[in-house]
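This is what each chain is made of:
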Amino acid sequence: MGILEKISEIEREISRTQKNKATEYHLGLLKAKLARYRSQLLEPTGKSGSKGEGFDVMKSGDARVSLIGFPSVGKSTLLNTVTETKSETASYEFTTLTCIPGVINYNGANIQLLDLPGIIEGASQGKGRGRQVIAVARTADLVLMMLDASKGENQRISLEKELETVGIRLNKRKPNIYFKIKKGGGLSFNSTVTLTHLNEKLVQLILHEYKIFNCEVLFREDSTADDFIDVINANRIYMSCLYVYNKIDQISIEEVDRIARKADSIVVSCNMKLNLDYLLEKIWEYLALVRVYTKKRGERPDFVDGLIMRRGSTVEHVCHAIHRTIIECFKYALVWGVSAKYSPQRVGLGHVVQHDDVVQVITK
C-alpha cells in the first residue's frame, strides 16, 4: 500500500469516527499518522527521478505576492491590470501554464506579483503540477486567493484544504507551544493554562507516533491536537491571505454586500476595473510595509526615493538599509513624523519608525 492509499484510508477512518470524549485519543493518533504521511509525501526520501521544469522565479522587489486560484477565475487579467506585464488571457481553462512575474509599483515599493497556473483538486498530491505551484506559494509574503464570486464558497473551501494539506496555514499565528527534544529523561509535560483539548496521555500518544520519547513540552495557550502536531513537524508556514472575489458584475448587489463583509475578503471586477485601488491598499496593509524618508544635515528630506521597511522596524534597520557600516559610527538620529513625540525627536537605535517618517542619522 502506497503513501497516497494510506492517507486516503486514514482520512476515511477520521470521517467515519464520531467526535466525543471516548474517541479523542483515537482521533489524535490518526491525525498524527496523517500528518506524518503527508510530510513523507512532500519530502520524499531516497533517489528521485529526473526533475521536471519548475516555476522557480528569482525573488525581487520589496515583497512577494502569489496569486492562487482555480483555472479561469481572472488571475492573469488582474496581473495585466495592476502591473505592466502581459500574461495571456482567454475564456478557456489553463491559459497560463507557467509562473509569470509582474511588478506592482505602489507607495514607492516594488511588489512582485506572481501569476501561478490554476490549481485543481488533488494539487497537494501532485495533480496538474500542483506541487510546483504550491512550492512557489510557500516562498511568498502574502497569498492572494482569487475566487469566482458567482460560484459560491466551494472554491474557497477546496483551496484552503489543498494548502492546509501541504502545511500552509492561512491567517493563523504559530501556536504558543515550547517543544524541545532531549537525549533522556522521558516526557516533561507542563502548561501555564487549563487545557480543554489535550492532556498528558494524548500528548504522549502523539509523540510516540513520531518515535519521540524524551522531550520537554510547555503549553502557553489552550491548543488542539492539530496545533501540537504542527509544532512537532516544524515545517509549517504561517501566511497572511487575502480572499479576492472576482466577477462581481455577474452577481446581485446583495450578494456583493454579503461577501464584502467577510473577514479578509475583497470584492473586485478585473474586466470592469472595479475596486482595484482598494485591493492595492489592502495588499500594502497585509504586507505590513512602511515607507521611511532620509534627510542629510542642512538639506531638505529626499521625498523621491524612500526606504521600504517592514512594520516594526527600528532606526537600526534604517541604518542597515542605508549602508551596513553606518551602524559602527552611529551617534544618534533625529526623527520627524508620526513616531516622534515632538519634531524633531532625538532617538537611539531602538526607536520604532512609522509610515512616512523622516530620519536623519548623526554620526560620530
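Everything quoted here is computed from the prediction, not taken from an experiment. (Residues numbered from 1 in each chain as written. Predicted model: local features only at pLDDT ≥ 70, side-chain atom pairs only at ≥ 80, totals over all residues. Heavy atoms only, no water.)

(A) View of the confidence of the model for the protein chain. A residue-level look at the protein chain finds 87% of positions with pLDDT of 70 or above and a mean pLDDT of 83. The low-confidence segment residues 45-53 (pLDDT under 50) makes three contacts with residues lying over four places distant or belonging to another chain. (pLDDT = per-residue confidence, 0-100. Contact = heavy atoms within 4.5 Å.)

(B) Representation of unusual backbone geometry in the model. Here the amide bond leading from Ser343 into Pro344 is cis, since omega sits at -10 degrees, within 30 degrees of zero. As for its position among the elements, Pro344 is in the loop between strand E13 (330-336) and strand E14 (345-347). Of note in this structure, Ser72 is not a glycine but carries a positive phi near 60 degrees. Assignment of secondary structure puts Ser72 in the loop between strand E1 (63-69) and helix H3 (75-82). What makes Ser72 partly exposed here is its relative accessible area of 31%. A positive phi angle is found at Asn171, which is not glycine, with a value near 50 degrees. Here Asn171 shows up in the loop between strand E5 (168-170) and strand E6 (177-181). Assessed through its relative accessible area of 33%, Asn171 is described here as partly exposed. (Helix = DSSP H or I, 4+ residues; strand = E, 2+ residues; numbered from the N terminus. Buried < 20%, exposed > 50% of the residue type's maximum accessible area, 1.4 Å probe, protein only.)

(C) Layout of the packing of helix H6 (residues 200-209) against helix H7 (residues 225-233). For the pair H6 and H7, interaxial distance at closest approach is 11 Å and the crossing angle is 40 degrees. Considering the angle they form, H6 stands oblique to H7. Here H6 runs over H7; the crossing is right-handed. Contacts between H6 and H7 involve Val203, Ile206 and Leu207 on the former and, on the latter, Ala225, Phe228, Ile229 and Ile232. Taken together, the residues of the contact of H6 with H7 sort by class into seven nonpolar, no polar and no charged. (Axes fitted to C-alpha atoms, helices over the stretch in contact; angles between N-to-C directions. Parallel < 35°, antiparallel > 145°, perpendicular 65-115°, else oblique. Left-handed = near helix turned anticlockwise from the far one by under 90°. Nonpolar A, V, L, I, M, F, W, Y, C, P; charged D, E, K, R; others polar.)

(D) The arrangement of H3 in detail. Within H3, six of the eight residues are buried, which leaves the element mostly enclosed by the surrounding structure. Every buried residue of H3 is accounted for by Lys75, Ser76, Leu78, Leu79, Asn80 and Val82. Against the buried residues of H3 lie E1, strand E2 (100-106), strand E3 (109-115), strand E4 (142-148) and helix H9 (276-287).

(E) Structural context of the pattern of salt bridges. Under the defined criterion, the tally for this structure stands at 16 salt bridges. The salt bridge partner of Lys282 is Glu285, with a shortest N-O separation of 3.3 Å. Placement of both Lys282 and Glu285 in helix H9 is noted, with a separation of three residues, approximately one turn of the helix. Residue classification places Lys282 among the buried residues on the basis of a relative accessible area of 15%. Take Glu285: its relative accessible area is 39%, and that puts it in the partly exposed class. Salt-bridge contacts for Arg291 lead to Asp356; the nearest nitrogen and oxygen are separated by 2.9 Å. Within this pair, whereas Arg291 is found in strand E11 (residues 289-294), its partner Asp356 is found in the loop between E14 and strand E15 (357-363), the two being separated by 65 residues in sequence. Residue classification places Asp356 among the partly exposed residues on the basis of a relative accessible area of 35%. (Salt bridge = Lys/Arg side-chain N within 4 Å of Asp/Glu carboxyl O.)

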